[in-house]
Structures are given as structure tokens and as C-alpha cells.
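Close look at the chain arrangement
If you want the building blocks of each chain, they are given just below.
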Amino acid sequence: MSEPKKTESFAGNVMKYSIATYLGFGISGAALIIKGVLPAESYAVPASFMAYTMSLMNVGMLGLDQSLLRFYHEPPAGSTGRSMFAACTRLSVLVMLLVGGIGSIFFAKPLAAAFAARPVRILRLVASGSSYNAALCVRPYLRKWLDCEVLVTEPFTFCAYESCLPADELAVVISQSGYSTNALHALDAIRAKGRTAIGITSDPGSDFRTHADLLIDYGCGQESVGYVTMGVTALCLFLCLFALRSAHLAGRLSEDGLAAERQKLAQWADAYEQAIPAGEALLRSRYRQLSAMQTVCIAGAGAAWGVAREAALKLMGTLQIPACAYELEEFLHGPELGGEDLLGDAAH
């Protein structure tokens, strides 16, 4: 006596024989992996491509799968469920190869252009105070290794006048404390444009965490003194390391070149440690002259332009005297013409 034929549920038949189901699971799994690997601003292009591909694939295979399930239960003479599955698989592969070949011949260039992540032509660092000055200090270094224009903009100016954000511009907001109201507004302005709001701070538990889509801790910790210093040098180092890593990933800097540049940064850090006691000795030797200053003008250019601005900011904050910073050439067209009444002891 023959055993009764075992019946399978509809869902079981779909999971066992449906081609579109397996491919759909595969593409969905790949999408989840890519989402975890790619940054938020780069994920949209491959995600859209996968969504379109899966939708077209499901439409194209829907008829094949339904025919397969029907003939699995009512196979024509001489056919079995297994042979029907093989026939549908061969037909599906043939259709996909045909469509892929046509697409490669006629649409390869635009597809590649759409799939590739958009290059960044402008990096805009939005910051104020000491963070702004630190960004100015390393701007020449960033422009060299990132191979793009680097702009440093105050948050108010960004929100009021310069937040158009073209497709090839990446804006990043920096605040050491993570509580600066103007920096929070800048993050909100970036979000309002439908872009990823990237915030860099030394306090990941600050208000930045609720305003930034991508929050980055640059690792200097919180300073107990209001006139921050460690945050300036730590941010400079962080941005330089970011530029080197980006250049390496883009193929503009070899592994050996990356190691050599990192070694230079380590030497700069050592030189900074040596400059601190030298600066203290200089202050002691000129204490009377420096303490008698009524106004201060500091000039600098290039990386030293950021240093000049930060020095003026710190002198105003600690000595409570007027201090201003000028680009080297601008100093000759302005304060230098004001005479000793403006410059005080600095004129000597």
C-alpha cells in the first residue's frame, strides 16, 4: 500500500521554488551590509539602485513564479516540479543576461555616473571662536591632501547667507562644547536642506547628539578652564589625520606616504611640547613690556593666520585688553598706519 502524498503549504512552495524570493532576500541582505559600511551621505545611490533592480526583477519574475506554482501542482505530461523549476531558472537567467547586455551597451556610462558617489569639490567647516581658528590653522594642509577647496565659515554667516549647499559641497559643523546655539542652528539648517548633518565635538553627550545625524568625537575630552587650549591643538591634529586618511583611501597617498606624514605630525606634537616652556621663558623675560600693553595687534598669514586670530582671542579673554588680528599684508594697510597711539608698545 503506497503512502499518502505529503502536501506542502503555499508558503512552503514559495520558499522552496520561488526564484524572486531568494534573489530578493539576497539583494536585501546586500543592502543591509552596504548600509552598515557606507556613510549616510553615500548610501542613497546604491540603495536606490537596489530598490529599482529588485522592483523590476519582481515584476519580471512574477509571472514565472506563478506559472511554476501552478504547474507544480498540475504538471503537464512528462514534466515534474523539479524540471519546471529548472526551466524557469534557465529562462530567468536568459532574460537577465539579455537585459543586462542591452543595458551595458547603451546605458553603461550614465549608470556608472549615477552609481558612483558624488565627489566633494568644497568642504565647508562651520565653526566659531577657537574651533574656527583651529580650522584656519590647518586649512592649507587640508586643501593640499583633500584635493578640494576648504572654506571656514561662521555659523551665523552660514545660516543667513551661505547655506545653499550645492551637490558637490560637504558642510561639517564643529563645536568643542557641543552646546553653541549658533552651531546647533547650523546643523538644523543642513538638515532642512535634506543633507546629512555632521557634527564634530569633544562632548558626544552634548546637545549636538540630538541635532546631528552623524556625531563625531574628536577625542580631547572636556576642559575645565573656560579659555580652551587643548581643544584647539587636538582639533588641528584630528583634521590633519582626517585629511591624510581621506587622501589614502582616494589613492592619492601611498601606505608609506601615510606613515611618513603621520610621523611628521608626531614630530609637530613633540615640537609643540617643547614650545610651551620656551614661551613661558619669553613671557618672563618681557613681562614688564607685555603687561604694559593697552592694545595689541597680531599679524599672520597662511597657517599663522589662524594662530594670530587665536592669540588675539586669548589675549582679550585673559588680559581684558583690546586685541585684533590682521592678515600680514592687511596689517600694513591698516593698524601699521595708525601710529603709536593705536599700536602702543607693539610699535617698538
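Structure's up top.
Below or above, wherever it landed, is the structure these notes cover.

What counts and how
Residues numbered from 1 in each chain as written. Predicted model: local features only at pLDDT ≥ 70, side-chain atom pairs only at ≥ 80, totals over all residues. Heavy atoms only, no water. Core = buried A, V, L, I, M, F, W, Y, C linked by side-chain atoms within 4.5 Å. Buried < 20%, exposed > 50% of the residue type's maximum accessible area, 1.4 Å probe, protein only. Helix = DSSP H or I, 4+ residues; strand = E, 2+ residues; numbered from the N terminus. Contact = heavy atoms within 4.5 Å. Expected span 1.5 Å × (residues − 1). Phe/Tyr/Trp six-rings, centres within 6.5 Å; stacked < 30°, edge-to-face > 60°. Axes fitted to C-alpha atoms, helices over the stretch in contact; angles between N-to-C directions. Parallel < 35°, antiparallel > 145°, perpendicular 65-115°, else oblique. Left-handed = near helix turned anticlockwise from the far one by under 90°. Nonpolar A, V, L, I, M, F, W, Y, C, P; charged D, E, K, R; others polar.

1. With respect to the nonpolar core
- Of all hydrophobic cores here, the largest spans 34 residues; its most connected members are Leu-125 and Leu-142.
- Among the secondary structure elements, those contributing two or more residues to this core are β1 (122-126), α5 (129-146), β2 (149-153), β3 (169-174), β4 (198-201), α9 (230-249) and α10 (255-285).
- Among the elements that line this core, the one with the most residues is α5, at 10 residues.
- Beyond its immediate sequence surroundings of up to four residues, Leu-142 is in contact with Leu-125, Asp-147, Val-150, Leu-239, Cys-240 and Ala-243.
- Grouped together as the second largest cluster of nonpolar side chains are 14 residues, Val-126, Leu-184, Leu-187 and Ala-212 included.

2. As for helix α7 (residues 181-192)
- Taking 1.5 Å of rise per residue, the 12 residues of α7 would be expected to cover 16 Å, and the 16 Å separating its terminal C-alpha atoms lies within 8% of that figure.
- For α7, the set of buried residues is Ala-183, Leu-184, Ala-186, Leu-187, Ala-189 and Ile-190.
- Of the surrounding elements, those touching the buried residues of α7 are β1, α6 (155-161), β3, β4 and α8 (208-211).
- Gly-194, located one to two residues past α7, shows a positive phi value of around 75°.

3. Things to note about the packing of aromatic side chains
- Applying the stated criterion across every chain, the model contains three aromatic pairs.
- Ring centres of Tyr-141 and Trp-268 lie 5.8 Å apart, and the angle between their planes is 75°; this geometry places the pair in the edge-to-face category. Pair noted here: Tyr-141 is in helix α5 and Trp-268 is in helix α10, with a separation of 127 residues, a long-range link.
- With relative accessibility at 13%, the residue Tyr-141 sits in the buried group.
- For the pair Phe-156 and Tyr-161, a centre-to-centre distance of 6.3 Å together with 80° between the ring planes defines the contact as edge-to-face.
- Residue class for Tyr-161 comes out exposed when judged on its relative accessible area of 64%.

4. A word on the packing of α5 against α9
- Following both chains from N to C, one finds α5 and α9 inclined at 20°, their axes separated by 9 Å at the closest point. One finds that α5 runs roughly parallel with respect to α9. Crossing angle aside, the handedness with which α5 passes α9 is right-handed. Contact residues: Ser-130, Ser-131, Ala-134, Ala-135, Cys-137, Val-138, Tyr-141, Leu-142, Trp-145 and Leu-146 in α5; Val-232, Leu-235, Cys-236, Leu-239, Cys-240, Phe-242, Ala-243, Leu-244, Ser-246 and Ala-247 in α9.
- Counted by class, the contact of α5 with α9 contains 17 nonpolar, three polar and no charged residues.

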